[in-house]
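Residues per chain, in single letters:
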Amino acid sequence: KLAVCDPLRRFLEVFCGQPCHLASPGIDRGLFAPGPGRQRSARRRVVCVAPFQIRWKGVREVLAAMAIVKRRRKDVTLVRVSNLPFTREEWQRGVVDEFHESLSAAQMADLYRGADLLVSATHEEEGFDLPAVEAMACGIPTVLTANRAHRAYPPPLTYALFAPIRSPKRLAEAILRVLEDDA
């Protein structure tokens, strides 16, 4: 048995009663790397990468948080990316400004480098959040939920701001904190 992160490996060992080995996914460091300094535009770009259709990916919480953020700040653009099509339910929430489906790795790297922030609100079911790792490798600030997968990276836990799972209000507070930090 193989797992993509240590919390999942430990869970599988207990659940299955058998040894499980860690096989952490890697990223292409030549592709996912900081680019040249980006000129800040008049609009702040917040990226969320996950399918809306899978509830534990937390996209609903991101949309609720971004509705709060957009009431406070009019200069924010939410960019959504998924491997699944944009749904009517997501569209009706009126928060997404830009949607991309099934981008290539090179397109994702460019998207991250052009962003101000990546937000991922996955629940405990998440094993390994590849978009969060890719965005961090590109030098983009991240706001993540405090699940086991997000906290499995080596300490100190300064690589992201964390919000509780299923808490759009706290997620919005963390997003605003990053957007209001001009450093």
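Right above here is the structure, for reference.
Below or above, wherever it landed, is the structure these notes cover. (Residues numbered from 1 in each chain as written. Predicted model: local features only at pLDDT ≥ 70, side-chain atom pairs only at ≥ 80, totals over all residues. Heavy atoms only, no water.)

## Observations regarding the packing of helix H2 (residues 59-72) against helix H6 (residues 168-179)
Consideration 1: Axis separation between H2 and H6 bottoms out at 8 Å; the angle between their running directions is 50°. By the criterion of interaxial angle, the relationship of H2 to H6 is oblique. In terms of crossing hand, the pair formed by H2 and H6 is right-handed. Between H2 and H6, the contacting residues are Glu-61, Val-62, Ala-64, Ala-65, Met-66, Ile-68, Val-69 and Arg-72 on the first element and Pro-168, Lys-169, Leu-171, Ala-172, Ile-175, Leu-176 and Leu-179 on the second.
Consideration 2: Classifying every residue of the contact of H2 with H6 by side-chain character gives 12 nonpolar, no polar and 3 charged. (Axes fitted to C-alpha atoms, helices over the stretch in contact; angles between N-to-C directions. Helix = DSSP H or I, 4+ residues; strand = E, 2+ residues; numbered from the N terminus. Parallel < 35°, antiparallel > 145°, perpendicular 65-115°, else oblique. Left-handed = near helix turned anticlockwise from the far one by under 90°. Contact = heavy atoms within 4.5 Å. Nonpolar A, V, L, I, M, F, W, Y, C, P; charged D, E, K, R; others polar.)

## Considerations on the packing of aromatic side chains
Consideration 1: Tallied over the full model, the rule gives 4 aromatic pairs.
Consideration 2: Aromatic pair Phe-11 and Phe-15: ring centres 5.5 Å apart, planes at 15°, arrangement stacked. Of this pair, Phe-11 and Phe-15 both sit in helix H1 (residues 6-16), 4 residues apart, which is roughly one turn of the helix.
Consideration 3: Judged by relative accessible area, which is 63%, Phe-15 ranks as exposed.
Consideration 4: Ring centres of Tyr-159 and Phe-162 lie 5.7 Å apart, and the angle between their planes is 85°; on these two criteria the pair is classed as edge-to-face.
Consideration 5: Given the relative accessible area of 25%, Phe-162 is considered partly exposed. (Phe/Tyr/Trp six-rings, centres within 6.5 Å; stacked < 30°, edge-to-face > 60°. Buried < 20%, exposed > 50% of the residue type's maximum accessible area, 1.4 Å probe, protein only.)

## Observations concerning the environment of Leu-103
Consideration 1: Mapped onto the fold, Leu-103 is located in the loop between strand S5 (98-101) and helix H4 (105-113).
Consideration 2: Judged by relative accessible area, Leu-103 falls into the partly exposed class, the value being 24%.
Consideration 3: With 99 residues separating them in the primary sequence, Leu-103 and Val-4 have C-alpha atoms 22 Å apart.
Consideration 4: Other than its neighbours up to four places away in sequence, Leu-103 contacts Val-81 and Met-108.

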